[in-house]
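Here's the letter readout for the chains.
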Amino acid sequence: PANDPTFPDVWEEINWRGLVHVSTNVDELKQLLAGPPITYYCGFDPTAPSLHLGNLVQLLLMRRLQLAGHRPLGLVGGSTGLIGDPRPTSERVLNDAGVVAEWVGYLQAQVSKFLSFDGDNAALLVNNLDWTAPMSAIEFLRDVGKHFRVGTMLKKDAVSARLNSEAGISYTEFSYQILQGMDFRELYRTYGCVLQTGGSDQWGNLTSGTDLIHKSEGVSAHAIGTPLITNSDGTKFGKSEGNAIWLDPTMTSPYAFYQFWLNTDDADVIQRLKIFTFLTRAEIERLEQAVAAEPFRREAQRVLAWEVTTTVHGADAAAAAISASEALFGQGDLEALAPDVLESALRELPNTTSPASTPVAQLLVDTGLTASLGESRRAIAQGGVYLNNAKVKDDAATLENVPLLSRMAVLRRGKKTLAGVFVE
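Predicted model only: the values in this text are computed from it and were never measured. (Residues numbered from 1 in each chain as written. Predicted model: local features only at pLDDT ≥ 70, side-chain atom pairs only at ≥ 80, totals over all residues. Heavy atoms only, no water.)

### A look at helix H12 (residues 254–262)
For H12, the tally of buried residues reaches eight of nine residues, placing the bulk of the element in the interior. If you check which residues of H12 are buried, you get Pro254, Tyr255, Ala256, Phe257, Tyr258, Gln259, Trp261 and Leu262. Elements in contact with the buried residues of H12: helix H3 (53–67), helix H13 (266–276), helix H15 (299–313), helix H16 (315–328) and helix H17 (339–347). (Buried < 20%, exposed > 50% of the residue type's maximum accessible area, 1.4 Å probe, protein only. Helix = DSSP H or I, 4+ residues; strand = E, 2+ residues; numbered from the N terminus. Contact = heavy atoms within 4.5 Å.)

What follows is the structure in structure tokens.
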């Protein structure tokens, strides 16, 4: 990846891409990022075994700033992950320390994929447990707590929302902003870090660090809050029926990941290209014209899906996802697909596990492609049912009549309605 050389500096580019929703002093930030290399950081809490699409915004922003010559610190919160930042509605479930430590390792590996650890501005991974664990409660209160005013802390959005809820807020979660502020100060003292990035919903936590550095060190530090990504209809980005899109391929398969981006709405695709790809302004503007002139070709969506899947999972995984998509819809060779790729694709579809002797008419009902056996028989008689891309001509046909694909089969009704069958 590379930044677009047509922009005068990285500040101008990240603004054009819509990555700055809120920030500290704009003029100072622009000067800072256009000048000599600085050290900056972003933190990720191990509250799950994987990062998700919301975190990807931060990872790519970190990469853009590093490509501009600045030095990134990737913080995975071994201590803050034991608490979790306050949610708007209820207390978090506190995870076991051993589980959190394991998740720290997973997240560090994911963060490492997006940064370079070579050169003068080589990235560094840090864990806030390293400086939090040795600190006593008295030291914490005297050295850090004295710089925070309760009135100011109560005004933070995440805190005020909880105070007004039935659940209230515990001192544990209330103290989260102090811990994050302490992280920023520690990284300033140790590495000269002067900038923190994060989501705009974390703005209260981001500014707790800039305020602490100003009060205790007498210098200015900065923060950038990226916008919360939502779909054009207002729904939360990256959520489908309560399921996050994870960066770990065992939690969200590359096939499902690719399909997520491919299904982007026309109204959202250009913004996604700006934020999630390293395509140049000229190329994105060309794709914007293509969306307006020939939306049915979905060229922008295909480019978006390829670019982001390649960035996160690699070109081979992206190519396999495309091959699987084409083969499932009868435009490629199902037998050429690796079994694990086919299985991950079928798991994303309505599916059933059945004996090979089950009639296709029953499989259509079991997978929800039809509502009844009568509807199944009519669909087969009309020539609209396919098993492994071969037309089914007999409503008594079973899986025993077709070659199986590693004990799997693809059931299709019409051109676009698919289901998976796993053979017992």
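### Overview of the sheet that holds strand S11 (residues 390–391)
On the basis of which strands lie adjacent, the open sheet formed by five strands has the order S9-S13-S12-S10-S11 and mixed pairing. Looking at the sheet topology across the chains shown, the edges are occupied by strand S9 (351–354) and S11. Relative to strand S13 (residues 417–423), strand S12 (residues 408–413) runs antiparallel, the two sharing six bridges. Residue Val410 lies in a different strand from S13, and its bridge partner there is Gly420. Against the sheet, H17 contacts S9, S12 and S13, and its axis sits at roughly 45 degrees relative to S12. (Pairing = 2+ DSSP bridges. Axes fitted to C-alpha atoms, helices over the stretch in contact; angles between N-to-C directions.)

### A few points about the sheet that holds strand S2 (residues 39–44)
Reading across the sheet, the six strands line up as S1-S6-S5-S2-S3-S4 and stay open at both edges, with mixed pairing between neighbours. Edge positions in the sheet fall to strand S1 (22–23) and strand S4 (124–127), since each has one partner strand and no second. With four bridges connecting them, S2 and strand S5 (residues 193–199) associate as parallel partners. Opposite Tyr40, over in S5, you have Leu195 as the bridge partner.

### Observations regarding helix H4 (residues 97–112)
In this model H4 runs 23 Å from its N-terminal to its C-terminal C-alpha over 16 residues, within 8% of the 22 Å that 1.5 Å per residue would give. Turning to H4, its buried residues are Val100, Trp103, Val104, Leu107, Gln110 and Val111. One side of H4 holds all its buried residues, which, seen down the axis, span an arc of 130 degrees. Packing partners of the buried residues in H4 comprise S2, H3, strand S3 (71–76) and S4. The backbone nitrogen of Gly98 lies 2.9 Å from a side-chain oxygen of the residue at the head of H4, namely Asp96. (Expected span 1.5 Å × (residues − 1). Arc of directions from axis to C-beta. Polar contact = N/O pair within 3.5 Å; in protein donor to acceptor, adjacent residues only side chain to side chain.)

### Some thoughts on the packing of H13 against helix H14 (residues 281–293)
Their axes nearest at 10 Å, the elements H13 and H14 cross at an angle of 175 degrees. As judged from the angle between their axes, H13 and H14 are roughly antiparallel. When H13 is examined against H14, the residues Asp266, Val269, Ile270, Leu273 and Lys274 are found in contact with a partner set consisting of Ile284, Leu287, Glu288 and Val291. (Parallel < 35°, antiparallel > 145°, perpendicular 65-115°, else oblique.)

### Section: the nonpolar core
Leu33, Leu56, Trp261, Leu273 and Phe276 are the most contacted members of the largest nonpolar core, which has 55 residues in total. Counting residues per element, this core draws most heavily on H3, which supplies eight residues. For Leu33, the residues in contact, after removing those within four places along its chain, are Val10, Trp11, Ile14, Ile38, Leu65, His70, Leu195 and Ile224. The next biggest cluster of nonpolar side chains, apart from the first, holds 23 residues, and it includes Val126, Phe148, Met153 and Val159. (Core = buried A, V, L, I, M, F, W, Y, C linked by side-chain atoms within 4.5 Å.)

### Concerning the packing of helix H10 (residues 176–191) against helix H11 (residues 203–217)
At a minimum axis distance of 7 Å, the contact between H10 and H11 shows a crossing angle of 55 degrees. Here H10 is positioned oblique relative to H11, judged by the angle of their axes. At the point where H10 passes H11, the crossing takes the right-handed sense. From H10, Tyr176, Gln177, Gln180, Gly181, Met182, Phe184, Arg185, Tyr188 and Arg189 reach across to H11, where they touch Asn205, Leu206, Ser208, Gly209, Thr210, Leu212, Ile213, Ser216 and Glu217. Classifying every residue of the contact of H10 with H11 by side-chain character gives seven nonpolar, eight polar and three charged. (Left-handed = near helix turned anticlockwise from the far one by under 90°. Nonpolar A, V, L, I, M, F, W, Y, C, P; charged D, E, K, R; others polar.)

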